[in-house]
Amino acid sequence: MKKIINIALCIIVLASCKKDPVLIDKDKYIYDIPAIKLTSDAKVGAYYFNYTATDWNKAHSDTSLVVPAGGKSYNAVTDAAVFPQQLNWADEAGVDYLIFKWNAAATDNSLLSAFASRRTNQNVKMVIGFNTAHLNATNAAPLTGTKLQTMVNEFKTLVTQHISKDYYYKIGGRPVILITPLNLSSSALTSIDYKMVMASLRTEFTALGINPYFIGELSTGWTAPVNFDQTALAAMDAIVLNTWNTPDYDRWYGFYSYVDLSWQNWKTSLDKLNVEYVPCIFPGYNEPSAATQRIIERTEKNYVDYTNVAKRNMGTNQMVIINSWNDFSKGTALEPSKKFTKQFLGITRREFKVQ
C-alpha cells in the first residue's frame, strides 16, 4: 500500500512540473532583444516641435541645454542662436532630417523660414509633415473639389518655398513628405478618401517634375494594421505610427518585445501592400501631466534595446523616426539636456550609422 501511495505522489509531482497547456509561454512575448549591427547607414529623422509659451509652461522632467543659465525656455523663431546650435547637435547624432508639422498656420511658415535661413553648413535637412486638419474635411464636406484644390495649391507653394530647395530631404531624389492623420475618427470615416487624394497629389507633383515619397502618419500606436483602412495605407509609400507610450502594465513590463511583436505584424502586413514600415522610437518617456502613462526610463540599455527593435523592423530604405527632437513635456527629447547632456546623441549615431 505504501509503495502505491509513493508512486501516486511521484505521478502528482511530475504532473505538476508540466506546463499548463492553457497558459501562454511568456517567453513568446517577453524576450531579450538581440543586438543588430548595420552594414549601411540608417536614414534617421526626428519630430521637431515649435515650442510656445504654453508648451514651456507644462511640467517638464528636464530642460534643454539651449536654454540660458537660469532661463526656462527658448523660441526657435525669434532667437537666432537656437537653430544653429540644434542643427550642429543633430549632425552630431547622425540625424538626417527634422520633421516640421505644417497646418497652414503663420507660426508653421515662420518656423520653416527660420530653419532655412539659419541652416549654414550643417547636413541635417527639412521634411514637412502636412496636417490636413485645417482643410476641415467632414463626411458632409469631404476632401474633394475646392478643398482638394486648396491642398494642391498649398503644396505648390511649399514646393516653391521649400520642397524644391537643396536643404529639403530626399530619398533617391524623391522629396520625403509626411501626411497626417491617416487614422480618421469614426465620425469622419469618409471625410478623406486617401486613395483618391494621394492619386490627385501625385498627378500634380508629376506635372511639376517631382516624384514625392509620401509617409502616412498614424497618430497612435499598438492598434493592429487590420483595424485601419487598407486603401489609405496602400496609397502611401511608407507608414509610421508615432506614439508608443502605454498605460498598460503588461506592455510596460515587456515593452521592447511587445513593440517588436507589434512591428513585425505591421511590417508583414505592409509588405503585402508594397508599403514600407518606418519604426518610431524615443530615448525615454516621462510625461508629468499624464499620470496614467507609465514611465519608460531613459537609460542607455533601454534606448539601445529600442534602437535594435527598430533595426529589426526597418524596411528597404532603412528609415527610422525619433519622437522627438525636443518635446520636453513628454520627456522624449533627443536634444541635449541639463540632465543627460549629449549622451543620447552619441548612442543614436553609434546605433544607426556605420562606424
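Everything numeric here is computed off the predicted structure, so don't read it as measured data. (Residues numbered from 1 in each chain as written. Predicted model: local features only at pLDDT ≥ 70, side-chain atom pairs only at ≥ 80, totals over all residues. Heavy atoms only, no water.)

(A) Quick peek at the overall build of the protein. The number of helices and strands found in the protein is eleven helices and ten strands. Within the protein, buried positions represent 48% of all 355 residues. Put simply, of all contacts in the protein between residues at least 6 apart along the chain, 77% involve residues at least 24 apart. Summed over its atoms, the accessible surface of the protein is roughly 16800 Å², and 54% of this surface lies on carbon and sulfur atoms. Here the protein carries 36 positive and 31 negative side-chain charges, and the mean point of each set is 3 Å from the other. (Helix = DSSP H or I, 4+ residues; strand = E, 2+ residues; numbered from the N terminus. Buried < 20%, exposed > 50% of the residue type's maximum accessible area, 1.4 Å probe, protein only. Contact = heavy atoms within 4.5 Å. Areas by Shrake-Rupley, 256 points an atom, 1.4 Å probe, with all protein chains shown as cover. Lys, Arg positive; Asp, Glu negative; His and termini not counted. Charge placed at Lys NZ, Arg CZ, Asp CG, Glu CD.)

(B) Seen up close, the pattern of salt bridges. All chains considered together, the criterion is met by 14 salt bridges. In this structure, Asp96 and Lys353 form a salt bridge, with 2.8 Å as the shortest nitrogen-oxygen distance. One end of the pair, Asp96, is in the loop between helix 3 (82–93) and strand 2 (97–102); the other, Lys353, is in the segment after helix 11 (343–352), with 257 residues separating them in the sequence. Two residues, Lys267 and Asp271, come together in a salt bridge whose shortest N-O distance is 3.4 Å. (Salt bridge = Lys/Arg side-chain N within 4 Å of Asp/Glu carboxyl O.)

(C) Main features of the nonpolar core. In terms of nonpolar packing, the biggest core is built from 108 residues, with Tyr48, Leu98, Phe155, Ile179, Ile239 and Trp244 touching the most fellow members. At seven residues, the largest contribution of residues to this core is made by helix 5 (residues 145–163). Excluding its chain neighbours within four sequence positions, the residues that come into contact with Leu98 are Ala46, Tyr48, Leu87, Phe115, Val124, Lys125, Met126, Val127 and Trp325. (Core = buried A, V, L, I, M, F, W, Y, C linked by side-chain atoms within 4.5 Å.)

(D) Just the pairing of strand 6 (residues 213–218), in detail. Strand 6 sits mainly inside the fold: six of its six residues count as buried. Residues Tyr213, Ile215 and Glu217 line one face of strand 6 and the alternating positions Phe214, Gly216 and Leu218 line the opposite face, and both faces are buried. In the sheet, strand 5 (residues 174–180) pairs with strand 6 via four bridges, with the strands oriented parallel. Across the sheet, Leu178 pairs through a bridge with Ile215, a residue of strand 6. With helix 6 (residues 194–207) bridging strand 5 and the parallel strand 6, this β-α-β connection has right-handed handedness. Examined bridge by bridge, strand 6 and strand 7 (residues 238–241) share four bridges and lie parallel to one another. Opposite Glu217, over in strand 7, you have Val240 as the bridge partner. (Pairing = 2+ DSSP bridges. Right-handed = clockwise from strand over helix to strand, strands pointing away.)

(E) Structural detail: helix 9 (residues 255–272). Over its 18 residues, helix 9 extends 26 Å from the first C-alpha to the last, a length consistent with the 26 Å expected when each residue adds 1.5 Å. Immediately beyond the C-terminal end of helix 9, within one or two residues, lies Asn274, with a positive phi of roughly 60°. (Expected span 1.5 Å × (residues − 1).)

(F) Unusual backbone geometry, seen in detail. For the bond running from Thr180 to Pro181, omega is -5°, close enough to zero to count as cis. Within the secondary structure, Pro181 is located in the loop between strand 5 and helix 6. With phi around 55°, Asn136 is a residue other than glycine that occupies positive phi space. Relative to the helices and strands, Asn136 is located in the loop between strand 3 (125–131) and helix 5. Within the chain, Thr341 stands out as a residue other than glycine whose phi angle is a positive 45°. Within the fold, Thr341 resides in the loop between strand 10 (319–322) and helix 11. Given the relative accessible area of 47%, Thr341 is considered partly exposed.

(G) Just the environment of Leu233, in detail. By secondary structure assignment, the location of Leu233 is in helix 7 (residues 230–234). Assessed through its relative accessible area of 1%, Leu233 is described here as buried. Separated by 40 residues in the primary sequence, Leu233 and Leu273 place their C-alpha atoms 8.0 Å from one another. Discounting residues that sit within four places of it in the chain, Leu233 has contacts with Leu182, Leu218, Pro225, Phe228, Ile239, Trp266, Leu270, Leu273 and Val275.

(H) Structural context of the confidence of the model for the protein. Here the protein shows a mean pLDDT of 93. Residues at 70 or above account for 93%. Contacts for the low-pLDDT stretch residues 4–17, under 50 throughout, to residues beyond four places or in other chains number zero contacts. (pLDDT = per-residue confidence, 0-100.)

(I) Local environment of the side chain of Ser329. In this fold, Ser329 is placed in the loop between strand 10 and helix 11. Among the residues examined, Ser329 registers a relative accessible area of 5% and is labelled buried. At 2.9 Å, the side chain of Ser329 and the side chain of Asp327 are in polar contact. For Ser329, the contacting residues outside a window of four places in its chain are Tyr51, Lys58, Ala59, His60, Asn286, Glu287 and Pro288. (Polar contact = N/O pair within 3.5 Å; in protein donor to acceptor, adjacent residues only side chain to side chain.)

(J) Molecular detail of the pairing of strand 1 (residues 43–48). Buried residues dominate strand 1, accounting for five of its six residues. Bridge count for strand 1 against strand 10 is four bridges, and the pairing is parallel. In the strand pairing of strand 10, Gly45 is matched with Ile321. As paired strands, strand 1 and strand 2 are joined by four bridges and run parallel to one another. Counted as the bridge partner of Ala46 is Leu98 from strand 2.

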